[in-house]
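Next come the chains, spelled out residue by residue.
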Amino acid sequence: MLKEERHQFILNEVRIHNRVLLTDIADLLKVSVDTVRRDIKELHNSDQLKKVHGGAVSLGFNTYSPVGKKVYSLEKKSQIAEKAITLIKEGQVILLSGGTTNLELARRLPTKIKLTCFTPSLPIAVQLLTKPNVDVIFIGGRLSKDSQITVGGSAINMLSEIKVDICFLGTNSIHPVQGLTEFDWEIVQMKKAMIHSSRKVVSPCISEKIGSLQRYKICGVEDVDVLITELEPWDIKLDAFKTMNLQLL
């Protein structure tokens, strides 16, 4: 594979999943980790992604606001956010995980709606502060510099003390058999705790993530109540989920 083709492959993986690991990309491309490291360094230097320890993150993933940044499939994520808003009712208590789709949901929340929002995501908390009728409760703990999400025992303990109406649970990958998966073990533990802290679990997910897998499992599809994509519910790409006990939106 030519270098240009490797670069395009890496960028596509980063844009879809927000973050990639050197070892995973090396396995997929069947090249050395050193080759992938050099490719990521070049892409970082050309301002196409951000190099982090052990891999890379998208530019939109590592920022407080998508405005003016390179957020992948922002139009699709905006469609998902608008669908998600239809599930929210006045006076509810909701929980938002991190990710650019949930950041777009936070940005698009109507200014008049009264809500209490819990989140471990620093960018989402900052965005929610612009909503005058939303009480923002930040789930504290050790802050991951790459994902800008709190992780660890303190955050998980706080989650164990709440029971929200709806959790909007972002994910890197969703598979009809293997469920929701992530690349980061600590974030997986946070998301497991979010599921236990919620009466309803909603997964907002661009369709390109469907069928993909990461190394750590968050939950099975049966633990999700609503799957929101930019597609219409009857789209053929969602066929594998149509026989499952969840709502497609």
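Our structure's up above, just so we're on the same page.
Heads up: these notes are all about the structure in this document. All of these numbers come straight from a predicted model, not from anything done at the bench. (Residues numbered from 1 in each chain as written. Predicted model: local features only at pLDDT ≥ 70, side-chain atom pairs only at ≥ 80, totals over all residues. Heavy atoms only, no water.)

The sheet built from seven strands is open, its strands ordered S6-S5-S4-S9-S12-S14-S15 with parallel pairing. Of all the strands in the sheet, the pair left with one neighbour each is strand S6 (134–138) and strand S15 (247–248). Sheet topology places strand S5 (residues 115–119) next to S6; five bridges connect them, and they run parallel. Each residue of the ladder has a partner; that of Thr116, found in S6, is Asp135. Here helix H5 (residues 100–108) sits on the sheet and contacts strand S4 (93–96), strand S9 (164–168) and strand S12 (198–204); the angle it forms with S4, its principal contact strand, is near 145 degrees. (Pairing = 2+ DSSP bridges. Helix = DSSP H or I, 4+ residues; strand = E, 2+ residues; numbered from the N terminus. Contact = heavy atoms within 4.5 Å. Axes fitted to C-alpha atoms, helices over the stretch in contact; angles between N-to-C directions.)

The N-to-C vectors of helix H1 (residues 3–17) and helix H2 (residues 22–29) enclose an angle of 130 degrees; their axes lie 11 Å apart at closest approach. The orientation of H1 with respect to H2, classified from their angle, is oblique. In this structure, the crossing between H1 and H2 has a hand that is right-handed. In contact with Arg6, Phe9, Ile10 and Glu13 of H1, H2 contributes Ile25, Leu28 and Leu29. For the contact of H1 with H2, the residue count by class is five nonpolar, no polar and two charged. (Parallel < 35°, antiparallel > 145°, perpendicular 65-115°, else oblique. Left-handed = near helix turned anticlockwise from the far one by under 90°. Nonpolar A, V, L, I, M, F, W, Y, C, P; charged D, E, K, R; others polar.)

When H2 is considered as a whole, its buried residues turn out to be Leu22, Ile25, Ala26 and Leu29. Projected down its long axis, H2 carries its buried residues within an arc of 100 degrees, all on one side. Facing away from the buried surface of H2 by more than 90 degrees, the exposed residues are Asp27 and Leu28. Of the surrounding secondary structure, the elements contacted by the buried residues of H2 are H1, strand S1 (19–21), helix H3 (33–45) and strand S3 (55–57). Phi turns positive, to about 60 degrees, at Lys30, one or two residues after H2. (Buried < 20%, exposed > 50% of the residue type's maximum accessible area, 1.4 Å probe, protein only. Arc of directions from axis to C-beta.)

Ranked by size, the top nonpolar core spans 31 residues in total, and within it Leu95, Leu159, Leu169, Leu227 and Phe241 carry the most contacts. Contributions of two or more residues to this core are made by helix H7 (153–159), S9, helix H8 (185–196) and strand S13 (216–219). Element by element, the count of residues in this core is highest for H8, at six residues. Excluding its chain neighbours within four sequence positions, the residues that come into contact with Leu95 are Phe118, Thr119, Ile139, Leu159, Val164, Ile166, Cys167, Phe168, Met194 and Ser198. (Core = buried A, V, L, I, M, F, W, Y, C linked by side-chain atoms within 4.5 Å.)

This part covers the layout of surface pockets. Quantified by volume, the largest pocket comes out at close to 180 Å³. In this structure, the largest pocket is lined by Glu13, His17, Arg19, Val20, Leu21, Asp24, Ile25, Leu28, Ser212, Leu213, Gln214 and Arg215. Looking at the lining of the largest pocket, the elements with two or more residues in it are H1, S1 and H2. Counted by class, the lining of the largest pocket contains five nonpolar, three polar and four charged residues. (1 Å grid on protein atoms, 1.4 Å probe; cavity = no way out; pocket = protein on both sides within 12 Å on 5 of 7 lines; lining within 4 Å. Points joined across faces, edges and corners; volume = space filled by probe spheres on them.)

Let's shift gears to the sheet that holds S1. A sheet is described by the order of its strands in space; here three strands give the open sequence S1-S3-S2, paired in antiparallel fashion. Each of the sheet's edge strands pairs with one partner strand only, and the pair in question is S1 and strand S2 (50–52). In this sheet, neighbouring strand axes are inclined to one another by 25 degrees on average, regardless of whether the strands run parallel or antiparallel. Sheet topology places S2 next to S3; three bridges connect them, and they run antiparallel. Bridge pairing in S3 places Lys50 opposite Val57.

Here we come to empty space enclosed by the protein. What the rule picks out here adds up to three cavities of 30 Å³ or more. Size it by volume and the largest cavity reaches roughly 220 Å³. In terms of lining residues, the largest cavity is bounded by 20 residues, among which Asn18, Gly98, Gly99, Asn172 and Lys191 are the most central. Sorting the residues of the lining of the largest cavity by element identifies H5 and H8 as the ones contributing at least two each. Taken together, the residues of the lining of the largest cavity sort by class into five nonpolar, 10 polar and five charged.

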